[in-house]
Amino acid sequence: MEIFHISAECYPMAKVGGLADVVGALPKYQNNAGHEVRVVVPAYDTKFKKENDFTLVHSGTIKLGSFNFPFSVLKENKDKLGYELYLIEIDELFNRSNVYGYEDDIERFLSFQIATLDWIITRNTVPDIINCHDHHTGLIPFLTQFAYKYEKLKDLKSVITIHNGLYQGWFGFDKLFYLPEFDLKHVGFLEWNNAINSLAVGVKCAQAVTTVSPSYLDEINYAANGLESLFQTVRNKSKGILNGIDIEVWNPLKDQMIAANYSIENFETGKQKNKEKLCEQFELDPSKPLFSFIGRLFEEKGGDLLPQASALALSENFENINILILGSGNSEIESQLTQLRDDYKGNYNVFIGYNEELAHLIYAGSDYILMPSRVEPCGLNQMYAMRYGTIPIVRRTGGLRDTVIDFGDEGNGICHDQASVGDICYSINRAVKLYNDKINFNKVLKRGMEADHSWESVCQEYIEIYNLIIQKNEI
(Lines give C-alpha, C1' and ligand atoms only; values in the text may rest on other atoms or scores of the structure.)
Protein backbone atom coordinates (compact mmCIF):
# COMPACT_ATOMS: atom_id res chain seq x y z
CA MET A 1 0.00 0.00 0.00
CA GLU A 2 1.30 3.47 -0.88
CA ILE A 3 0.53 5.93 1.92
CA PHE A 4 1.07 9.68 1.93
CA HIS A 5 1.08 11.56 5.24
CA ILE A 6 0.64 15.31 4.74
CA SER A 7 1.29 17.54 7.73
CA ALA A 8 2.45 20.95 8.91
CA GLU A 9 4.90 19.31 11.33
CA CYS A 10 7.18 16.30 11.41
CA TYR A 11 9.91 15.65 13.97
CA PRO A 12 12.81 16.29 13.56
CA MET A 13 12.20 18.49 10.51
CA ALA A 14 9.81 20.85 12.28
CA LYS A 15 8.24 20.56 15.72
CA VAL A 16 5.84 22.69 17.74
CA GLY A 17 3.94 19.97 19.60
CA GLY A 18 2.78 16.37 19.62
CA LEU A 19 1.66 16.51 15.98
CA ALA A 20 5.33 16.47 14.97
CA ASP A 21 6.11 13.44 17.13
CA VAL A 22 3.24 11.42 15.68
CA VAL A 23 3.97 12.27 12.05
CA GLY A 24 7.65 11.61 12.71
CA ALA A 25 7.04 8.13 14.13
CA LEU A 26 3.86 6.51 12.75
CA PRO A 27 5.10 6.45 9.12
CA LYS A 28 8.29 4.67 10.17
CA TYR A 29 6.35 1.82 11.72
CA GLN A 30 4.02 1.63 8.74
CA ASN A 31 7.08 1.45 6.50
CA ASN A 32 8.54 -1.30 8.68
CA ALA A 33 5.26 -3.19 8.25
CA GLY A 34 5.89 -3.40 4.52
CA HIS A 35 4.08 -0.36 3.14
CA GLU A 36 5.46 2.42 0.95
CA VAL A 37 5.18 5.52 3.11
CA ARG A 38 5.92 9.10 2.15
CA VAL A 39 5.67 12.18 4.35
CA VAL A 40 5.20 15.69 2.96
CA VAL A 41 5.79 18.86 5.00
CA PRO A 42 6.63 22.49 4.18
CA ALA A 43 10.31 23.43 3.75
CA TYR A 44 10.73 25.69 6.77
CA ASP A 45 14.11 27.22 7.49
CA THR A 46 15.02 24.73 10.22
CA LYS A 47 18.17 23.12 11.51
CA PHE A 48 17.19 19.76 9.99
CA LYS A 49 16.77 21.27 6.55
CA LYS A 50 20.12 23.04 6.77
CA GLU A 51 22.04 20.00 7.99
CA ASN A 52 20.71 17.38 5.55
CA ASP A 53 20.97 16.81 1.83
CA PHE A 54 17.97 16.98 -0.48
CA THR A 55 17.37 16.26 -4.15
CA LEU A 56 14.99 18.25 -6.34
CA VAL A 57 12.31 15.87 -7.66
CA HIS A 58 9.76 18.31 -9.06
CA SER A 59 9.23 22.02 -9.63
CA GLY A 60 6.30 24.10 -10.78
CA THR A 61 4.24 27.19 -10.11
CA ILE A 62 1.00 27.36 -8.19
CA LYS A 63 -1.70 29.96 -8.65
CA LEU A 64 -3.29 31.35 -5.51
CA GLY A 65 -5.91 33.78 -6.71
CA SER A 66 -3.96 36.53 -8.47
CA PHE A 67 -0.65 35.38 -6.97
CA ASN A 68 1.79 32.98 -8.57
CA PHE A 69 4.30 31.12 -6.41
CA PRO A 70 7.13 28.98 -7.79
CA PHE A 71 7.55 25.80 -5.76
CA SER A 72 9.94 22.90 -5.56
CA VAL A 73 9.60 19.40 -4.13
CA LEU A 74 12.74 18.22 -2.34
CA LYS A 75 13.43 14.65 -1.20
CA GLU A 76 15.70 13.89 1.75
CA ASN A 77 18.45 11.77 0.23
CA LYS A 78 19.12 9.05 2.81
CA ASP A 79 15.63 8.27 4.16
CA LYS A 80 17.21 8.65 7.57
CA LEU A 81 13.82 8.96 9.29
CA GLY A 82 12.81 5.48 8.17
CA TYR A 83 10.62 6.63 5.29
CA GLU A 84 10.73 9.03 2.34
CA LEU A 85 10.53 12.65 3.49
CA TYR A 86 9.54 15.35 0.98
CA LEU A 87 9.60 19.11 1.53
CA ILE A 88 7.43 21.59 -0.35
CA GLU A 89 9.66 24.59 -0.87
CA ILE A 90 7.94 27.94 -1.47
CA ASP A 91 10.59 30.43 -0.40
CA GLU A 92 8.30 33.45 -0.19
CA LEU A 93 6.00 31.66 2.24
CA PHE A 94 8.03 29.05 4.13
CA ASN A 95 11.63 30.24 4.22
CA ARG A 96 11.09 31.29 7.82
CA SER A 97 12.19 29.80 11.13
CA ASN A 98 8.76 29.44 12.75
CA VAL A 99 6.07 26.98 11.73
CA TYR A 100 3.07 29.14 12.66
CA GLY A 101 2.22 32.63 13.81
CA TYR A 102 2.29 34.68 10.63
CA GLU A 103 -0.45 36.93 9.22
CA ASP A 104 -0.40 34.97 5.98
CA ASP A 105 -0.74 31.50 7.54
CA ILE A 106 -3.94 30.88 5.55
CA GLU A 107 -2.11 31.59 2.31
CA ARG A 108 0.89 29.56 3.41
CA PHE A 109 -1.00 26.35 4.15
CA LEU A 110 -3.38 26.69 1.21
CA SER A 111 -0.33 26.95 -1.03
CA PHE A 112 1.26 23.95 0.65
CA GLN A 113 -1.82 21.80 -0.01
CA ILE A 114 -2.18 22.92 -3.62
CA ALA A 115 1.53 22.44 -4.37
CA THR A 116 1.44 18.96 -2.83
CA LEU A 117 -1.48 17.90 -5.01
CA ASP A 118 0.02 19.56 -8.09
CA TRP A 119 3.08 17.36 -7.59
CA ILE A 120 1.13 14.17 -6.87
CA ILE A 121 -0.84 14.39 -10.15
CA THR A 122 2.46 14.43 -12.09
CA ARG A 123 3.51 11.08 -10.65
CA ASN A 124 3.02 7.84 -12.55
CA THR A 125 0.97 6.28 -9.77
CA VAL A 126 -1.81 7.52 -7.50
CA PRO A 127 -1.36 6.77 -3.78
CA ASP A 128 -3.73 4.31 -2.15
CA ILE A 129 -4.29 6.60 0.84
CA ILE A 130 -3.65 10.18 1.86
CA ASN A 131 -3.62 10.67 5.62
CA CYS A 132 -4.15 14.36 6.37
CA HIS A 133 -3.23 15.79 9.75
CA ASP A 134 -5.17 18.65 11.36
CA HIS A 135 -6.68 21.67 9.64
CA HIS A 136 -3.51 22.66 7.76
CA THR A 137 -4.26 19.83 5.33
CA GLY A 138 -8.05 19.71 5.73
CA LEU A 139 -8.87 20.98 2.25
CA ILE A 140 -7.12 18.10 0.51
CA PRO A 141 -10.06 15.63 0.73
CA PHE A 142 -12.30 18.28 -0.85
CA LEU A 143 -9.83 19.24 -3.59
CA THR A 144 -9.12 15.67 -4.65
CA GLN A 145 -12.83 14.97 -5.07
CA PHE A 146 -14.10 18.19 -6.61
CA ALA A 147 -11.34 20.40 -8.11
CA TYR A 148 -11.25 20.00 -11.89
CA LYS A 149 -7.46 19.93 -12.11
CA TYR A 150 -7.27 16.93 -9.76
CA GLU A 151 -9.63 14.70 -11.75
CA LYS A 152 -6.91 12.03 -11.67
CA LEU A 153 -7.28 11.86 -7.85
CA LYS A 154 -11.08 11.82 -7.54
CA ASP A 155 -11.13 8.21 -6.32
CA LEU A 156 -8.22 8.67 -3.93
CA LYS A 157 -9.23 7.71 -0.39
CA SER A 158 -8.40 10.03 2.49
CA VAL A 159 -8.27 9.97 6.26
CA ILE A 160 -8.08 13.06 8.44
CA THR A 161 -6.44 12.66 11.83
CA ILE A 162 -7.38 15.25 14.43
CA HIS A 163 -4.59 16.04 16.85
CA ASN A 164 -6.27 19.17 18.23
CA GLY A 165 -9.78 20.15 17.21
CA LEU A 166 -9.62 23.60 18.81
CA TYR A 167 -7.64 24.94 15.87
CA GLN A 168 -9.69 24.82 12.69
CA GLY A 169 -8.21 27.08 10.01
CA TRP A 170 -11.12 29.46 9.42
CA PHE A 171 -11.10 32.02 6.63
CA GLY A 172 -13.70 34.06 4.80
CA PHE A 173 -15.41 33.37 1.50
CA ASP A 174 -13.61 36.44 0.15
CA LYS A 175 -10.66 34.05 -0.29
CA LEU A 176 -12.65 31.37 -2.09
CA PHE A 177 -10.92 32.40 -5.32
CA TYR A 178 -7.66 31.05 -3.86
CA LEU A 179 -8.91 27.51 -4.45
CA PRO A 180 -8.51 25.67 -7.75
CA GLU A 181 -11.72 25.76 -9.79
CA PHE A 182 -14.54 23.38 -8.87
CA ASP A 183 -18.26 23.05 -9.53
CA LEU A 184 -19.90 25.55 -7.16
CA LYS A 185 -22.71 23.12 -6.38
CA HIS A 186 -20.21 21.54 -3.95
CA VAL A 187 -19.48 24.79 -2.09
CA GLY A 188 -21.55 23.59 0.89
CA PHE A 189 -18.76 21.23 1.86
CA LEU A 190 -16.61 24.30 2.57
CA GLU A 191 -19.07 26.23 4.71
CA TRP A 192 -19.43 26.21 8.46
CA ASN A 193 -21.01 29.15 10.29
CA ASN A 194 -20.73 31.41 7.24
CA ALA A 195 -16.99 30.84 6.83
CA ILE A 196 -14.68 28.29 5.29
CA ASN A 197 -13.54 25.99 8.07
CA SER A 198 -10.62 23.85 6.93
CA LEU A 199 -10.98 21.23 9.64
CA ALA A 200 -14.72 20.89 9.05
CA VAL A 201 -14.06 20.47 5.31
CA GLY A 202 -11.68 17.59 5.98
CA VAL A 203 -14.11 15.95 8.41
CA LYS A 204 -16.96 16.19 5.90
CA CYS A 205 -15.02 14.98 2.86
CA ALA A 206 -12.58 12.37 4.16
CA GLN A 207 -13.71 8.75 4.12
CA ALA A 208 -12.56 8.33 7.75
CA VAL A 209 -11.87 10.54 10.73
CA THR A 210 -9.48 9.52 13.47
CA THR A 211 -8.66 11.19 16.75
CA VAL A 212 -5.53 10.58 18.77
CA SER A 213 -7.31 8.88 21.66
CA PRO A 214 -10.69 7.21 22.27
CA SER A 215 -11.62 9.62 25.05
CA TYR A 216 -10.90 12.63 22.85
CA LEU A 217 -13.31 11.27 20.25
CA ASP A 218 -15.98 11.24 22.96
CA GLU A 219 -15.06 14.74 24.16
CA ILE A 220 -15.27 16.48 20.78
CA ASN A 221 -18.90 15.42 20.55
CA TYR A 222 -19.66 18.01 23.24
CA ALA A 223 -16.58 20.30 23.28
CA ALA A 224 -15.11 21.04 19.86
CA ASN A 225 -15.04 24.82 19.46
CA GLY A 226 -18.26 24.91 17.46
CA LEU A 227 -17.97 21.63 15.55
CA GLU A 228 -19.77 19.43 18.07
CA SER A 229 -22.78 18.69 15.87
CA LEU A 230 -20.54 17.84 12.92
CA PHE A 231 -18.58 15.31 14.94
CA GLN A 232 -21.82 13.76 16.16
CA THR A 233 -22.97 13.44 12.54
CA VAL A 234 -19.78 11.69 11.36
CA ARG A 235 -19.42 9.40 14.37
CA ASN A 236 -20.09 6.37 12.17
CA LYS A 237 -16.91 7.03 10.17
CA SER A 238 -14.80 8.03 13.17
CA LYS A 239 -12.43 6.12 15.42
CA GLY A 240 -10.24 7.11 18.34
CA ILE A 241 -6.77 5.57 18.14
CA LEU A 242 -4.43 6.18 21.05
CA ASN A 243 -1.07 7.51 19.91
CA GLY A 244 2.08 5.53 20.50
CA ILE A 245 5.59 6.78 21.14
CA ASP A 246 8.79 5.98 19.32
CA ILE A 247 10.41 3.58 21.76
CA GLU A 248 13.67 3.74 19.82
CA VAL A 249 13.99 7.48 20.39
CA TRP A 250 12.51 7.37 23.89
CA ASN A 251 14.55 4.62 25.50
CA PRO A 252 16.34 5.32 28.80
CA LEU A 253 18.64 2.36 28.17
CA LYS A 254 20.05 3.89 24.96
CA ASP A 255 19.23 7.60 25.14
CA GLN A 256 22.39 9.59 24.46
CA MET A 257 20.83 12.83 25.70
CA ILE A 258 20.70 11.77 29.35
CA ALA A 259 23.46 11.60 31.98
CA ALA A 260 23.17 7.87 32.74
CA ASN A 261 21.38 5.06 30.98
CA TYR A 262 19.16 2.62 32.86
CA SER A 263 16.34 0.12 32.55
CA ILE A 264 13.59 -1.18 34.82
CA GLU A 265 16.17 -3.49 36.43
CA ASN A 266 18.44 -0.67 37.64
CA PHE A 267 16.25 2.43 37.49
CA GLU A 268 17.03 3.62 41.03
CA THR A 269 20.73 4.15 40.37
CA GLY A 270 20.19 5.49 36.85
CA LYS A 271 17.46 7.93 37.73
CA GLN A 272 19.40 9.21 40.72
CA LYS A 273 22.39 10.07 38.53
CA ASN A 274 20.17 11.94 36.10
CA LYS A 275 18.43 13.70 38.96
CA GLU A 276 21.75 14.82 40.41
CA LYS A 277 22.83 16.17 37.02
CA LEU A 278 19.54 18.00 36.58
CA CYS A 279 19.53 19.43 40.09
CA GLU A 280 23.13 20.57 39.76
CA GLN A 281 22.22 22.42 36.56
CA PHE A 282 19.25 24.19 38.16
CA GLU A 283 20.53 24.58 41.76
CA LEU A 284 18.04 22.19 43.32
CA ASP A 285 18.37 19.60 46.07
CA PRO A 286 18.44 16.03 44.67
CA SER A 287 17.30 14.55 48.00
CA LYS A 288 13.83 16.05 47.55
CA PRO A 289 11.08 14.88 45.19
CA LEU A 290 11.32 16.77 41.90
CA PHE A 291 8.09 17.85 40.17
CA SER A 292 8.55 19.01 36.59
CA PHE A 293 6.45 20.45 33.80
CA ILE A 294 7.35 20.29 30.11
CA GLY A 295 5.14 21.99 27.57
CA ARG A 296 3.54 25.07 26.15
CA LEU A 297 2.53 27.71 28.64
CA PHE A 298 -1.07 28.25 27.58
CA GLU A 299 -4.44 27.79 29.25
CA GLU A 300 -5.07 24.67 27.17
CA LYS A 301 -2.20 22.95 28.98
CA GLY A 302 -3.10 24.45 32.35
CA GLY A 303 -0.08 26.70 32.09
CA ASP A 304 -1.94 29.62 33.66
CA LEU A 305 -2.42 27.52 36.82
CA LEU A 306 1.28 26.80 37.26
CA PRO A 307 2.45 30.09 38.88
CA GLN A 308 -0.11 30.03 41.68
CA ALA A 309 0.00 26.25 42.10
CA SER A 310 3.79 26.27 42.27
CA ALA A 311 3.84 29.10 44.80
CA LEU A 312 1.19 27.46 46.99
CA ALA A 313 2.78 24.00 46.82
CA LEU A 314 6.20 25.41 47.66
CA SER A 315 4.78 27.45 50.54
CA GLU A 316 3.14 24.36 52.00
CA ASN A 317 6.08 22.04 51.35
CA PHE A 318 9.06 24.40 51.21
CA GLU A 319 11.44 21.97 52.89
CA ASN A 320 10.09 18.93 51.04
CA ILE A 321 9.86 19.53 47.28
CA ASN A 322 11.49 20.96 44.16
CA ILE A 323 9.66 22.27 41.09
CA LEU A 324 11.19 22.73 37.63
CA ILE A 325 9.37 24.24 34.63
CA LEU A 326 10.45 23.91 30.99
CA GLY A 327 8.24 25.73 28.52
CA SER A 328 7.26 28.84 26.64
CA GLY A 329 4.09 30.50 25.43
CA ASN A 330 2.02 33.24 27.04
CA SER A 331 4.37 36.07 28.00
CA GLU A 332 2.45 36.90 31.20
CA ILE A 333 2.67 33.28 32.38
CA GLU A 334 6.38 33.24 31.50
CA SER A 335 6.91 36.40 33.55
CA GLN A 336 5.02 35.07 36.57
CA LEU A 337 6.98 31.81 36.53
CA THR A 338 10.28 33.65 36.20
CA GLN A 339 9.48 35.91 39.17
CA LEU A 340 9.00 32.87 41.41
CA ARG A 341 12.66 32.00 41.00
CA ASP A 342 13.79 34.67 43.48
CA ASP A 343 11.12 33.79 46.04
CA TYR A 344 11.90 30.08 46.14
CA LYS A 345 15.57 29.89 45.29
CA GLY A 346 16.95 26.41 45.84
CA ASN A 347 13.55 24.76 45.50
CA TYR A 348 12.31 26.13 42.18
CA ASN A 349 13.64 27.00 38.74
CA VAL A 350 12.37 27.66 35.25
CA PHE A 351 13.75 27.45 31.72
CA ILE A 352 11.77 29.61 29.31
CA GLY A 353 11.99 28.11 25.84
CA TYR A 354 12.36 24.58 24.59
CA ASN A 355 15.40 22.33 24.49
CA GLU A 356 15.02 18.72 23.33
CA GLU A 357 18.11 17.47 25.17
CA LEU A 358 16.98 19.13 28.40
CA ALA A 359 13.52 17.60 27.99
CA HIS A 360 15.05 14.12 27.84
CA LEU A 361 17.09 14.82 30.97
CA ILE A 362 13.99 16.09 32.79
CA TYR A 363 12.05 12.94 31.94
CA ALA A 364 14.98 10.85 33.21
CA GLY A 365 15.78 12.88 36.31
CA SER A 366 12.37 13.90 37.65
CA ASP A 367 10.20 11.99 40.07
CA TYR A 368 6.90 13.41 38.81
CA ILE A 369 5.66 15.15 35.65
CA LEU A 370 2.80 17.65 36.00
CA MET A 371 0.08 17.68 33.31
CA PRO A 372 -2.89 19.77 34.55
CA SER A 373 -4.32 20.12 31.02
CA ARG A 374 -7.75 21.52 30.28
CA VAL A 375 -7.53 19.88 26.84
CA GLU A 376 -5.23 16.97 25.99
CA PRO A 377 -6.35 15.09 22.86
CA CYS A 378 -3.77 12.40 23.52
CA GLY A 379 -0.73 13.64 25.34
CA LEU A 380 2.68 12.13 24.81
CA ASN A 381 4.52 13.59 27.79
CA GLN A 382 2.87 11.16 30.20
CA MET A 383 4.00 8.24 28.00
CA TYR A 384 7.55 9.57 27.76
CA ALA A 385 7.58 10.11 31.52
CA MET A 386 6.40 6.59 32.34
CA ARG A 387 8.93 5.12 29.90
CA TYR A 388 11.64 6.90 31.93
CA GLY A 389 10.25 5.93 35.32
CA THR A 390 8.72 9.33 36.09
CA ILE A 391 5.23 9.25 37.56
CA PRO A 392 2.61 11.43 35.79
CA ILE A 393 0.28 13.70 37.73
CA VAL A 394 -2.60 14.40 35.36
CA ARG A 395 -6.06 15.84 35.05
CA ARG A 396 -8.45 13.21 33.72
CA THR A 397 -9.10 14.40 30.18
CA GLY A 398 -8.58 13.04 26.65
CA GLY A 399 -5.65 10.69 26.29
CA LEU A 400 -4.57 11.31 29.88
CA ARG A 401 -7.72 9.53 30.98
CA ASP A 402 -6.89 6.64 28.64
CA THR A 403 -3.28 6.16 29.74
CA VAL A 404 -3.00 7.11 33.42
CA ILE A 405 -4.78 5.32 36.26
CA ASP A 406 -4.56 6.61 39.81
CA PHE A 407 -2.24 4.66 42.10
CA GLY A 408 -5.12 4.39 44.56
CA ASP A 409 -6.67 2.04 42.00
CA GLU A 410 -3.44 0.07 41.59
CA GLY A 411 -2.47 2.34 38.71
CA ASN A 412 0.56 4.07 37.28
CA GLY A 413 0.04 7.72 38.23
CA ILE A 414 -1.83 10.35 40.21
CA CYS A 415 -5.09 11.73 38.82
CA HIS A 416 -7.41 14.63 39.58
CA ASP A 417 -10.62 15.81 37.97
CA GLN A 418 -10.50 19.61 37.85
CA ALA A 419 -8.09 21.99 36.15
CA SER A 420 -7.61 24.01 39.31
CA VAL A 421 -4.86 25.16 41.63
CA GLY A 422 -6.48 23.25 44.48
CA ASP A 423 -6.52 19.94 42.61
CA ILE A 424 -2.89 20.34 41.52
CA CYS A 425 -1.71 21.08 45.06
CA TYR A 426 -3.75 18.24 46.52
CA SER A 427 -2.14 15.86 44.02
CA ILE A 428 1.32 17.19 44.86
CA ASN A 429 0.65 16.53 48.56
CA ARG A 430 -0.41 12.96 47.71
CA ALA A 431 2.75 12.60 45.64
CA VAL A 432 4.98 13.72 48.52
CA LYS A 433 3.47 11.06 50.77
CA LEU A 434 3.89 8.44 48.07
CA TYR A 435 7.52 9.49 47.52
CA ASN A 436 8.25 8.87 51.19
CA ASP A 437 6.78 5.36 50.90
CA LYS A 438 9.54 3.96 48.71
CA ILE A 439 8.08 0.47 48.33
CA ASN A 440 4.78 1.73 46.93
CA PHE A 441 6.47 4.58 45.04
CA ASN A 442 8.62 2.05 43.19
CA LYS A 443 5.61 -0.16 42.45
CA VAL A 444 3.78 2.75 40.80
CA LEU A 445 6.92 3.75 38.91
CA LYS A 446 7.45 0.20 37.60
CA ARG A 447 3.85 -0.05 36.39
CA GLY A 448 4.53 2.96 34.23
CA MET A 449 7.80 1.58 32.86
CA GLU A 450 6.14 -1.75 32.05
CA ALA A 451 3.35 -0.17 29.99
CA ASP A 452 3.53 -0.79 26.24
CA HIS A 453 2.96 2.44 24.34
CA SER A 454 4.88 1.43 21.23
CA TRP A 455 3.64 2.18 17.73
CA GLU A 456 3.42 -1.41 16.42
CA SER A 457 -0.18 -2.13 17.41
CA VAL A 458 -1.24 1.48 16.77
CA CYS A 459 0.23 1.29 13.28
CA GLN A 460 -1.92 -1.76 12.53
CA GLU A 461 -5.09 0.06 13.60
CA TYR A 462 -4.42 2.73 11.00
CA ILE A 463 -3.73 0.11 8.32
CA GLU A 464 -7.04 -1.59 9.12
CA ILE A 465 -8.89 1.69 8.60
CA TYR A 466 -7.09 2.30 5.32
CA ASN A 467 -8.03 -1.17 4.08
CA LEU A 468 -11.68 -0.74 5.07
CA ILE A 469 -12.15 2.53 3.22
CA ILE A 470 -10.29 1.24 0.16
CA GLN A 471 -12.52 -1.84 0.04
CA LYS A 472 -15.82 -0.44 1.28
CA ASN A 473 -15.47 3.36 1.30
CA GLU A 474 -16.35 3.28 5.01
CA ILE A 475 -15.09 2.02 8.37
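It should be emphasised that the depicted structure is a prediction, and the values quoted were computed from it without experimental measurement.

Chemist: When you look at the packing of aromatic side chains in this model, what are you seeing that I'm missing?
Modeler: One pair of aromatic rings is described through two measures. These are the centre distance and the angle between the planes. In this structure the tally under the stated criterion is 21 aromatic pairs. Ring centres of tyrosine 100 and phenylalanine 109 lie 5.9 Å apart, and the angle between their planes is 45°; on these two criteria the pair is classed as tilted. By relative accessible area, which is 26% here, tyrosine 100 ends up partly exposed. With a relative accessible area of 5%, phenylalanine 109 lands in the buried category. Aromatic side chains phenylalanine 146 and phenylalanine 189 sit 5.1 Å apart centroid to centroid with 25° between the ring planes, which places their arrangement in the stacked category. Placement of phenylalanine 146 in helix H5 (residues 140–146) and of phenylalanine 189 in the loop between strand E8 (170–171) and strand E9 (191–192) is noted, with a sequence separation of 43 residues between them. A relative accessible area of 14% places phenylalanine 146 in the buried class.

Chemist: Quick question: what am I supposed to make of helix H4 (residues 105–120) here?
Modeler: In an α-helix, one turn spans 3.6 residues; hence positions three or four apart end up facing the same way. Look at H4: 23 Å from first C-alpha to last across 16 residues, which is about the 22 Å you get at 1.5 Å a residue. For H4, the tally of buried residues reaches 15 of 16 residues, placing the bulk of the element in the interior.

Chemist: Sorry if this is basic, but what is going on with the sheet that holds strand E15 (residues 348–352) here?
Modeler: Across a sheet, paired strands are connected by hydrogen bonds in the backbone, their directions being either parallel or antiparallel. Across the sheet, which stays open at both edges, the 6 strands sit in the order E15-E14-E13-E16-E17-E18 with parallel pairing between neighbours. Each edge of the sheet is formed by a strand with only one pairing partner; in this case those strands are E15 and strand E18 (414–416). Averaged over all neighbouring strand pairs, the angle between strand axes comes to 15°, with direction disregarded. Contacts from helix H9 (residues 267–282) reach strand E13 (290–297), strand E14 (322–329) and E15, with the element oriented near 70° to E13. In the packing of helix H15 (residues 421–435) onto the sheet, the strands contacted are E13, strand E16 (368–371), strand E17 (391–395) and E18, and the crossing angle to E18 comes to about 160°.

Chemist: Help me understand the nonpolar core in this model?
Modeler: Across soluble globular proteins, nonpolar side chains have a tendency to be buried as a group. With 80 residues, the main nonpolar core has Phe291, Ile325, Leu337, Tyr348, Tyr363 and Tyr368 as its most contacted residues. Beyond its immediate chain neighbours, meaning those up to four positions away, tyrosine 368 contacts Leu290, Phe291, Ser292, Thr390, Ile391, Ile393, Ile414, Ala431, Leu434, Tyr435 and Phe441.

Chemist: Before we go on, may I ask you to explain the packing of helix H10 (residues 306–316) against helix H11 (residues 331–343) in this structure?
Modeler: Each pair of packed helices can be described by the angle between their axes along with the distance between the axes. Look at H10 against H11: their axes get within 9 Å of each other, and the N-to-C directions meet at 20°. Judged by the angle between their axes, H10 and H11 are roughly parallel. Two packed elements cross with a definite hand, and for H10 against H11 that hand is left-handed. The residues of H11 that touch H10, namely those facing Leu306, Pro307, Ser310 and Ala311, are Ile333, Gln336, Leu337 and Leu340. In the contact of H10 with H11, the residues fall into 6 nonpolar, 2 polar and no charged.

Chemist: Even after reading the chapter, I still don't get the pairing of strand E6 (residues 129–133), so can you show me in this structure?
Modeler: Looking along a regular strand, one sees the side chains alternate between the two faces of the sheet. Counting buried positions along E6 yields 5 of 5 residues, so the element is predominantly enclosed. Burial of the side chains of E6 extends over both faces: Ile129, Asn131 and His133 are buried on one face and Ile130 and Cys132 on the other. Alignment of strand E1 (residues 2–6) against E6, held across 4 bridges, turns out to be parallel. Each residue of the ladder has a partner; that of phenylalanine 4, found in E6, is isoleucine 130. Relative to strand E7 (residues 157–162), E6 runs parallel, the two sharing 5 bridges. Directly across from asparagine 131, in E7, lies its bridge partner valine 159. For the crossover from E6 across H5 to E7, the handedness is right-handed.

Cut-offs and rules
- Residues numbered from 1 in each chain as written.
- Predicted model: local features only at pLDDT ≥ 70, side-chain atom pairs only at ≥ 80, totals over all residues.
- Heavy atoms only, no water.
- Phe/Tyr/Trp six-rings, centres within 6.5 Å; stacked < 30°, edge-to-face > 60°.
- Buried < 20%, exposed > 50% of the residue type's maximum accessible area, 1.4 Å probe, protein only.
- Helix = DSSP H or I, 4+ residues; strand = E, 2+ residues; numbered from the N terminus.
- Expected span 1.5 Å × (residues − 1).
- Pairing = 2+ DSSP bridges.
- Axes fitted to C-alpha atoms, helices over the stretch in contact; angles between N-to-C directions.
- Contact = heavy atoms within 4.5 Å.
- Core = buried A, V, L, I, M, F, W, Y, C linked by side-chain atoms within 4.5 Å.
- Parallel < 35°, antiparallel > 145°, perpendicular 65-115°, else oblique.
- Left-handed = near helix turned anticlockwise from the far one by under 90°.
- Nonpolar A, V, L, I, M, F, W, Y, C, P; charged D, E, K, R; others polar.
- Right-handed = clockwise from strand over helix to strand, strands pointing away.

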